Amino acid sequence: MCRLLLLLALLPALPAQAQDAARYSFVLRGAPLDEALRRLIATAHLDLAYDPALVAGRQVYCVIEMQPPEDVLRCILRGTGLDFYRLSSGLYVLAETPEAPPLLGNLQGVVVDGETGEPLPNAHVLLADGSTGAVSNETGRFLFAGLKPGYYRVTTSYLGYRQRVDSVWVPPQGTGRAHLSLDAEPILVAPVVVDGMQWRLPSDSLGTAALSPERLLNGRHGGTADVAQSLGTLAGVRLSDATADLHVQGGETGEHQFRLDGAPVFVPISIGGLVGPFSPFAIGRVTVHKSGFGAEVGSQSAGVIAAEHALGQTQGLDVQADPLSLNARLGVQAGTPGRTRAALLLAGRYGLWDVYQPAPVRRLLEDWNQPDPFMLAAFDSDATQDRTGATAFRRQLSSGNPAVGFYDLHAAARLRLGALRSLHASTYLSRRELDSERNVFEPLAGQVSPDVAPRTRDLYAWNNSTTQLRYETVVSARVLAGLRARASLYRLRHDFLIQQINEDGVAQARLDPRADNDNRIHEFALAATLDFAAQSFWHLEAGVEPTYTFNRFLVQGTQRLPISHRSAGWRVASYLTNHFTLSRRLTLDAGARLTYLDARQTLYAEPRLALRFDQPGGALGPWSFRLATGLFRQFVNQFDVSSRSARALQASSRTWLVVDSSLSPPLSAHLAAEWLLRPAPRWTLRLEGYLKRHLHLLAVNYSAGRPVGQGGNNAEVRSLPSLPQSAFLADGKGATYGAAVLLEKRWTRFRWETRYEYSQARRTFGLFFLGETVPAPWNEPHRLELALEGRPVAGLTLVGRWRGIWGRSWGYRQPYYDFLGAFPDLNLRAVLPEDLVLSIGDQIRHFRLAHPHEHRLPPVYQLDLSAAYALRLGRLMLQTRLDLLNVLNRDNVADWRFVYDPDFYREHRLLRREDRLLLPFTPSLAVRAAW
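Keep in mind it's a predicted model, so treat the numbers as computed, not measured.

## Regarding the overall build of the chain
- Summing up its helical and strand segments, the chain has 11 helices and 50 strands in all.
- For the chain, the proportion of contacts with a sequence separation of at least 24, taken over those separated by at least 6, is 70%.

Written as structure tokens, this is what we have:
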């Protein structure tokens with residue numbers, strides 16, 4: 001089966017005065033000979049005669065720049081077993097040589113934007129006889145194999161473009177070629193295309209999550225539109241309702257990696273579950289690699305989410321205002337096709353919380369910001385010997401004035417230097433802030449009433465950024481090469497302010513040094529890649545990447561205070577992947593990663609293997625299958641460290657650590673299987689299953705650290721010597737397994753999807769579980785989603801999505817388990833009165849906080865509706881979008897917390913459990929304009 005990678009091909013230079021002086025550039029790697037000759041005739045106006053059956057099934061490897069037509073023809077025919085001669089009339093005629101290869105047959109094509117020429121990935125291509133269909137890959141190409149000769153009517157559709165019907169001739173034992181150019185009929189939806197197809201066979205979509213542009217409307221936009229919300233609609237990718245964190249096939253949120261244009265992004269916690277990592281206007285494509293991904297993808301325990309900027313996909317200015325943010329994007333393209341051509345993208349998003357606060361969102365944040373009497377009693381810095389459990393639990397704090405702030409800035413550029421070379425550059429800057437008590441200390445300065453509740457303030461600030469520069473070139477007809485330089489930076493700062501009343505009754509605010517958390521990680525890398533088409537059936541990819549990482553880790557949110565860690569060092573990763581086309585239906589991918597970790601002076605190997613099979617027809621219809629396995633390590637790890645704050649608004653601080661010399665990197669083994677069936681042209685059935693054995697894991701040990709009282713002020717804390725990671729991280733193991741079923745039906749204007757997922761994530765850590773294997777906190781065993789979306793009339797898009805979630809455990813707030821579930825290991829008596837310690841112990845034992853798997857949360861049921869209407873006024877496009885979240889206004893429970901009820905405490909000597917709810921019914925209106 002021939003493989004076509006046509007970067008920029010058959011583009012003429014400016015002709016000279018005479019036709020014979022014209023020169024042309026070709027870049028062909030495994031291209032069909034028939035296509036190459038057709039393009040040569042059309043481009044150079046060459047008189048050429050040949051029998052179509054003579055050239056069918058032959059491949060071309062040719063790179064030639066600025067040469068006359070006859071030299072181009074000679075380059076194209078080299079190695080094909082054909083030659084040419086020229087008649088006196090000037091006609092060129094092809095002739096077969098004895099060593100001609102056997103003939104093959106298929107239908108190949110490419111789907112492109114009619115105006116820009118950019119490929120359209122995930123376009124639907126259907127043969128009019130209904131025998132089979134295909135989906136274009138990331139370069140817009142598709143393939144039908146084993147077709148009977150004759151004319152075929154080909155129907156092509158892509159959301160936002162007019163449907164097109166073409167007639168294509170498939171010669172006997174030959175190759176038909178279709179260049180399908182679609183005219184835009186745009187709908188103003190967020191411009192993200194999520195797809196995972198890297199080859200033209202249907203099985204290439206397996207192992208990845210795929211999403212077409214119209215599916216972006218499925219994102220639950222209660223505030224600002226976001227890429228993560230759209231990814232949450234994919235099989236195997238779950239978006240947490242409480243935190244907006246993504247989980248890939250049951251993995252913890254830190255077990256997959258985000259990338260933007262190939263550079264890792266250290267994604268901070270999503271603010272209140274409302275704001276994700278990127279400006280949606282900046283992203284043009286996202287690929288989600290799931291269990292069993294290839295060696296070329298990387299080293300992660302769960303998967304990789306790779307985003308790319310929307311370069312070349314849009315021109316002009318695009319602006320949108322929604323309840324939480326203002327979004328804008330500017331796209332510019334210039335130059336001459338085939339010669340120097342440039343594309344520029346500028347995009348940004350800015351939070352509007354200080355301008356407008358949606359009432360449901362504000363009420364949710366205020367409710368989550370309520371002081372927690374349990375955490376306040378256990379960790380309040382004002383605890384004294386004369387306080388009993390009752391007086392400690394009764395102590396109040398103000399309800400607070402929460403606020404969120406954020407911005408994202410994106411810039412990307414691409415410069416194509418003729419047909420053979422291109423230069424890419426991009427940068428991304430982001431800041432997130434979460435404040436539990438904005439502007440409350442200043443008015444309280446001076447004399448206050450004794451019954452004024454004291455106040456605390458948690459201020460979280462996250463900064464992250466990436467920059468990358470990439471150069472790609474065609475070395476020869478069989479070799480592509482690339483060089484990349486990248487940098488990724490992340491900074492977390494968590495400041496804890498507490499108001500105190502002095503002896504004169506004057507309110508004062510000070511920084512509590514014990515509650516300050518800080519994390520920095522800086523990563524710099526150089527990478528070189530090589531793509532080699534050794535034979536038509538054998539393709540290799542190889543790469544090497546040295547990486548330098550520096551991180552500083554300061555956590556004072558544990559009971560034994562503080563933990564300070566600093567490290568820096570190199571690691572060098574390399575990979576080799578072999579793609580074997582064993583037959584027209586069977587493909588084998590075999591490879592391995594080798595990573596040298598300088599901190600441990602050890603070389604780590606990660607073998608990978610995947611088998612793919614495609615059956616173009618049969619009693620059930622066309623189907624594809626993928627089976628993959630391998631070892632997967634993780635050298636940079638994310639930890640969400642629970643906060644000791646009495647505020648419940650943000651339960652943790654997100655930190656990152658590169659593995660040091662005291663611990664080995666986490667190790668997992670994957671086994672994944674997927675089956676894709678198309679029983680009818682408009683029906684798709686997809687099944688997937690996975691098993692991941694986590695042979696080695698790491699987790700924060702909340703009973704570890706220095707002895708109590710060794711801390712002090714910030715200067716003293718930061719001067720403490722660095723602890724090895726083995727002093728505050730615990731070893732663990734576990735398993736993750738699950739399955740998903742997706743059934744999809746498409747009509748001309750509507751699409752229906754039903755998806756059920758079963759997942760189990762279990763972990764064993766040597767902490768308060770005493771070696772017991774328990775479900776993971778993020779585990780959602782059962783999830784069912786139903787979705788209907790479509791365009792009943794031109795310009796109107798409707799989406800409805802219902803979901804149900806069952807089987808969640810770890811019902812209480814996570815800090816309860818992290819700190820107080822480990823109560824037997826904590827020396828609370830060193831810092832708290834005896835009566836208070838006994839009272840805390842009563843709560844822990846009564847509510848069995850050391851047994852989180854027994855705390856079952858009720859099911860979640862939610863219905864979301866969306867409607868968007870777009871109108872064109874000349875060159876101006878206007879869109880209004882209405883999102884209705886939780887239409888039925890169900891009281892879905894996020895988790896449980898403790899509250900102090902005097903009557904209940906007097907009767908039971910216990911705090912009372914209370915539900916903490918997810919978003920209520922939340923309407924959201926967004927207005928968008930594009931020029």
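On we go from here.
## Quick look at the pattern of salt bridges
- Summed over the entire model, instances satisfying the criterion amount to 44 salt bridges.
- Salt-bridge contacts for Arg-571 lead to Glu-523; the nearest nitrogen and oxygen are separated by 3.2 Å. A residue pair is termed long-range when its members are at least 10 positions apart, and Arg-571 in strand E33 (residues 563-581) and Glu-523 in strand E31 (residues 517-535) qualify at 48 residues.
- The salt bridge involving Arg-881 is made with Asp-883; its shortest N-O contact spans 2.8 Å. An identical accessibility class is assigned to Arg-881 and Asp-883; each is buried.

## Some remarks on the environment of Glu-118
- In this structure, Glu-118 sits in the loop between strand E7 (106-113) and strand E8 (124-127).
- Judged by its relative accessible area of 15%, Glu-118 falls in the buried class.
- Distance in space between the C-alpha atoms of Glu-118 and Gln-313 is 7.1 Å, their sequence separation being 195 residues.
- Not counting the four nearest positions on each side in its chain, Glu-118 is found in contact with Val-111, Val-112, Asp-113, Gly-312, Arg-414 and Arg-416.

## What to know about unusual backbone geometry
- We note that Gln-249 has phi near 45 degrees; this positive angle belongs to a residue other than glycine.
- Structurally, Gln-249 can be placed in the loop between strand E17 (246-248) and strand E18 (256-260).
- At Arg-848, a residue that is not glycine, the phi angle is positive and equals roughly 50 degrees.
- Relative to the elements of secondary structure, Arg-848 occurs in the loop between helix H10 (834-846) and strand E46 (860-873).
- Arg-848 gets classed as partly exposed once you look at its relative accessible area, which sits at 37%.

## Here's the deal with the environment of Tyr-756
- Looking at where Tyr-756 falls in the secondary structure, it is placed in strand E42 (residues 750-765).
- For Tyr-756, a relative accessible area of 32% translates into the label partly exposed.
- Tyr-756 sits 520 residues away from Gly-236 along the chain, and the two C-alpha atoms are 9.9 Å apart.
- Residues in contact with Tyr-756, not counting those within four places in the same chain, are Ala-739, Ala-740, Val-741, His-782, Arg-783 and Leu-784.
- There is a polar contact of 2.7 Å between the side chain of Tyr-756 and the side chain of His-782.

## Topic: the sheet that holds strand E6 (residues 92-96)
- The strand order E3-E6-E5 describes an open sheet built from three strands, whose pairing is mixed. Looking at strand neighbours, the two that pair on one side only are strand E3 (48-49) and strand E5 (82-86), the edges of this open sheet.
- Sheet topology note: the E5/E6 ladder contains five bridges and is antiparallel. Paired with Leu-82 across the two strands is Glu-96, which belongs to E6.
- Packed onto the sheet, helix H3 (residues 69-77) meets E3, E5 and E6 and runs at close to 155 degrees relative to E5.

## Some details on helix H5 (residues 359-368)
- Pro-360, Val-361, Leu-364, Leu-365 and Trp-368 are the residues of H5 that are buried. Viewed along the axis of H5, the buried residues span an arc of 130 degrees, placing them on a single side of the element.
- On its buried face, H5 is in contact with strand E25 (403-417), strand E48 (893-899), strand E49 (912-917) and strand E50 (922-930).

## Focus: the environment of Arg-416
- Mapped onto the fold, Arg-416 is located in strand E25.
- Looking at Arg-416, the relative accessible area reads 25%, which means it is partly exposed.
- With 76 residues separating them in the primary sequence, Arg-416 and Thr-340 have C-alpha atoms 5.4 Å apart.

## Brief notes about the state of the cysteines
- All chains considered together, the criterion is met by one disulfide.
- A sulfur-sulfur distance of 2.0 Å marks the disulfide that ties Cys-62 to Cys-75. Residues Cys-62 and Cys-75 are joined by a disulfide whose S-S torsion is about 125 degrees; by sign, that bridge is right-handed. Remark: Cys-75 occurs in helix H3 and Cys-62 occurs in strand E4 (residues 59-67); sequence separation between them is 13 residues.

## As for the nonpolar core
- Judged by nonpolar contacts, the single largest core of 39 residues is most densely connected at Phe-374, Phe-393, Leu-729, Tyr-812 and Leu-849.
- Counting only elements with at least two residues in this core, the list comes to helix H6 (373-379), helix H7 (389-394), strand E32 (538-555), strand E37 (636-642), strand E40 (683-700), helix H9 (814-820), H10 and E48.
- Sorting elements by how many residues they give to this core places H6 first, with four residues.

## Focus: the packing of helix H1 (residues 33-44) against H3
- Running from N to C, H1 and H3 cross one another at 175 degrees; their axes reach a closest spacing of 11 Å. When the axis of H1 is compared with that of H3, the two are roughly antiparallel. In this structure, H1 contributes Leu-33, Ala-36, Leu-37, Leu-40 and Ala-44 to the contact, and H3 contributes Pro-69, Val-72, Leu-73, Ile-76 and Leu-77.
- Classifying every residue of the contact of H1 with H3 by side-chain character gives 10 nonpolar, no polar and no charged.

## Let's talk about a nonpolar patch on the surface
- On the surface, Leu-582, Leu-611, Phe-625, Leu-627, Leu-671, Leu-691 and Tyr-737 cluster together into a nonpolar patch covering about 560 Å² of accessible area.
- Mapped onto the elements, Phe-625 comes out in strand E36 (residues 623-633).

## Points about the side chain of Asn-327
- Here Asn-327 shows up in strand E23 (residues 325-335).
- Among the residues examined, Asn-327 registers a relative accessible area of 1% and is labelled buried.

## What about the packing of aromatic side chains?
- For the structure on display, the rule yields 25 aromatic pairs.
- Plain terms: the ring middles of Phe-278 and Tyr-428 are 5.4 Å apart, the flat faces sit at 70 degrees to each other, and that makes the pair edge-to-face. Separated by 150 residues along the polypeptide, Phe-278 in the loop between strand E19 (263-265) and strand E20 (283-289) and Tyr-428 in strand E26 (residues 421-435) bring together distant segments of the chain. The same class applies to Phe-278 and to Tyr-428, which are both buried.
- Arranged with centres 6.4 Å apart and planes meeting at 65 degrees, the rings of Tyr-812 and Tyr-817 form a pair that is edge-to-face. As far as the burial class goes, Tyr-812 and Tyr-817 line up, both buried.
- Here the aromatic residues Phe-374, Trp-810, Tyr-812, Tyr-816, Tyr-817, Phe-847, Trp-896 and Phe-898 are joined through ring pairs into a cluster of three or more.

## Details of the confidence of the model for the chain
- Model confidence for the chain is summarised by a mean pLDDT of 80, while 79% of its residues fall at 70 or above.
- Below pLDDT 50 for its whole length, residues 510-515 participates in 27 contacts with residues either more than four positions away or in separate chains.

## A word on H3
- Here H3 has its buried residues at Pro-69, Val-72, Leu-73, Cys-75, Ile-76 and Leu-77.
- Where the residues of H3 are buried, they touch strand E2 (24-32), H1, E3, E4, E5 and E6.

## Let's talk about the pairing of E2
- The element E2 is largely enclosed, with a buried count of nine among its nine residues.
- Note: E2 against E4, seven bridges, orientation antiparallel. If you follow Pro-32 over to E4, its bridge partner there is Gln-59.

## Regarding the pairing of strand E24 (residues 340-351)
- Pairing between E23 and E24: 11 bridges, direction antiparallel. By the bridge assignment, Leu-330 is partnered in E24 with Leu-346.

## Some details on the side chain of Asn-892
- Mapped onto the elements, Asn-892 comes out in the loop between strand E47 (876-885) and E48.
- Within the local environment of Asn-892, its side chain forms a polar contact with the backbone oxygen of Tyr-861, the two atoms lying 3.0 Å apart.
- Beyond its immediate chain neighbours, meaning those up to four positions away, Asn-892 contacts Pro-859, Val-860, Tyr-861, Gln-862, Asn-886, Arg-916, Leu-917 and Leu-918.

Reading the values: rules and limits
Residues numbered from 1 in each chain as written. Predicted model: local features only at pLDDT ≥ 70, side-chain atom pairs only at ≥ 80, totals over all residues. Heavy atoms only, no water. Helix = DSSP H or I, 4+ residues; strand = E, 2+ residues; numbered from the N terminus. Contact = heavy atoms within 4.5 Å. Salt bridge = Lys/Arg side-chain N within 4 Å of Asp/Glu carboxyl O. Buried < 20%, exposed > 50% of the residue type's maximum accessible area, 1.4 Å probe, protein only. Polar contact = N/O pair within 3.5 Å; in protein donor to acceptor, adjacent residues only side chain to side chain. Pairing = 2+ DSSP bridges. Axes fitted to C-alpha atoms, helices over the stretch in contact; angles between N-to-C directions. Arc of directions from axis to C-beta. Disulfide = S-S within 2.5 Å. Core = buried A, V, L, I, M, F, W, Y, C linked by side-chain atoms within 4.5 Å. Parallel < 35°, antiparallel > 145°, perpendicular 65-115°, else oblique. Nonpolar A, V, L, I, M, F, W, Y, C, P; charged D, E, K, R; others polar. Patch = residues over 30% accessible without salt bridge, like charges linked within 9 Å, V, L, I, M, F, W, Y side chains within 5 Å. Areas by Shrake-Rupley, 256 points an atom, 1.4 Å probe, with all protein chains shown as cover. Phe/Tyr/Trp six-rings, centres within 6.5 Å; stacked < 30°, edge-to-face > 60°. pLDDT = per-residue confidence, 0-100.

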